[in-house]
Amino acid sequence: GLIILLFLFRLIYGLCAEFWFDDELQIYLIGLKSFTTNTWPYFGPDVIYTNSQIPGALQGLLVSAGFYLVPIPEAPCVLLNILSFLSLFSFSVYISKRINALPLWLILSWVMLLTWPMDYGTRVVNPSYVLIFAIPFFIALLELLPIYKTPVISRNAAYFILGVTPGLIMQLHLSYVLLLPLIALVFFFEWKADRAWRNKIYYACLCMSGFLIGILTLIPTYLIASNGKNISSNIVFNAGN
């Protein structure tokens, strides 16, 4: 009963949230255009300061999937809420396994009603979709860093998730670059660990295979519709920062 109430509350919030801001409208229209014209969405959100777009089809596919399932205007919002709720639910279960003193109902209520995942994760805008994949990334990160002695998920699954999620997030938002130092930190501790080299190479290959799967919807953009100069200018090293 609590799960149903929390989901309905988040869904109603998302359906009643502001829709006509530039970012919200743009993300919705990317998927709507893909659905109504039956075309492949080669690019995602705009990058204003480089006058370009984030490459990759994932953003358009995630929005248009709602229309393909149920062709009604609210469909993308409903699908987004289902996906974000499942991601937050998995995070709540993970917390309950790590902090046994807290009951699951309390963790669920806390996580589902936090202001940031309430604002993002309920309405159709690209950071809401980032949330879906960022949670499994950080669960995998916590599992692979030398923090806990007993694992909740296997190292194989954690390394695969660590690879696949950045490949998905990079098609939604430029903040994916913040994940790269964290991945490097994981492999630093893996290199320092007292394990056979074949295991270390295996984990690196597993992470890379996950990344290659994550960018499958990005590859057609580079093969068919890429403008290399504009795309490469999205991410630059800013010494001032």
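In the block above lies the structure referred to throughout.
Read on for an overview of the structure. Chains are numbered independently. Their residues run from 1 in the order of the written sequence. Local features are withheld for residues below a pLDDT of 70 in this predicted model, meaning they are given only at 70 or higher, and side-chain atom pairs are given and counted only at 80 or more; totals for whole chains, interfaces and linings count all residues. The side-chain numbers reported here are obtained from all heavy atoms of the structure, hydrogens and water having been left aside.

What to know about the overall build of the chain
The secondary structure listing takes helices from DSSP runs of H or I that are at least 4 residues long and strands from runs of E that are at least 2 residues long, numbered from the N terminus. Assigned secondary structure in the chain consists of 12 helices and 2 strands. Along the chain, helices and strands appear, N-terminal first, in the series α-α-β-β-α-α-α-α-α-α-α-α-α-α. Rg of the C-alpha trace for the chain: 19 Å, near the compact-globule value of 18 Å for 241 residues, within the 12% margin. Seen through its C-alpha atoms, the chain measures out along the principal axes to roughly 55 × 50 × 40 Å. Working definition: with a 1.4 Å probe on protein chains only, accessible area under 20% of the residue-type maximum means buried, over 50% means exposed, and in between means partly exposed. Burial status across the chain gives 44% buried among its 241 residues. The globule rule used for comparison is 2.2 Å times the number of residues to the exponent 0.38, while the radius of gyration itself is calculated over C-alpha atoms.

Re the nonpolar core
Within the largest apolar cluster, 37 residues are counted, with the highest numbers of intra-cluster contacts made by Val 124, Tyr 129, Phe 133, Tyr 159 and Leu 162. Those elements that provide at least two residues to this core are helix H2 (22-37), helix H3 (58-69), helix H4 (75-98), helix H7 (126-144), helix H8 (155-169), helix H9 (179-192) and helix H10 (197-214). Considering each element in turn, this core owes the most residues, 9 residues, to H7. Residues Phe 85, Ile 95, Ile 107 and Leu 108 belong to the second largest nonpolar core, which totals 12 residues. By convention a nonpolar core is built from buried Ala, Val, Leu, Ile, Met, Phe, Trp, Tyr and Cys residues, the set being connected through side-chain atoms within 4.5 Å.

Side note on the packing of aromatic side chains
Any pair of Phe, Tyr and Trp rings, taking the six-membered ring for Trp, is counted once the centres come within 6.5 Å. Such a pair is stacked with planes under 30 degrees apart, edge-to-face with planes over 60 apart, and tilted for the rest. Under the counting rule described, the total for this entry stands at 13 aromatic pairs. Consider the rings of Phe 19 and Trp 20, whose centres lie 4.8 Å apart with planes at 80°: the pair is edge-to-face. Here the aromatic rings of Phe 137 and Phe 138 are separated by 5.1 Å at their centres, their planes lie at 85°, and the arrangement is edge-to-face. Owing to a relative accessible area of 36%, Phe 138 belongs among the partly exposed residues under this scheme. A cation over an aromatic ring shows up here: Arg 155 above the ring of Tyr 203, its NZ or CZ 5.3 Å from the ring centre. Charges are assigned to positions over rings by a cutoff of 6 Å between ring centre and Lys NZ or Arg CZ, combined with an angular limit of 35 degrees from the ring normal.

A closer look at the environment of Leu 25
On the secondary structure map, Leu 25 appears in helix H2. Residue classification places Leu 25 among the partly exposed residues on the basis of a relative accessible area of 24%. Residues Leu 25 and Leu 8, 17 residues apart in the sequence, show an inter-C-alpha distance of 23 Å. Non-local contacts of Leu 25, meaning those with residues more than four positions away in its chain, are made with Phe 19 and Trp 20. What makes two residues a contact is simply this: any of their non-hydrogen atoms within 4.5 Å.

Regarding the pattern of salt bridges
The term salt bridge refers to a pairing of a side-chain nitrogen on Lys or Arg with a carboxyl oxygen on Asp or Glu at a separation within 4 Å. This model, assessed by the stated rule, comprises 5 salt bridges. Residue Arg 123 pairs with Asp 119 through a salt bridge whose shortest N-O separation is 3.2 Å. A relative accessible area of 10% places Arg 123 in the buried class. Residue Asp 119 is classed as partly exposed on the basis of its relative accessible area of 27%.

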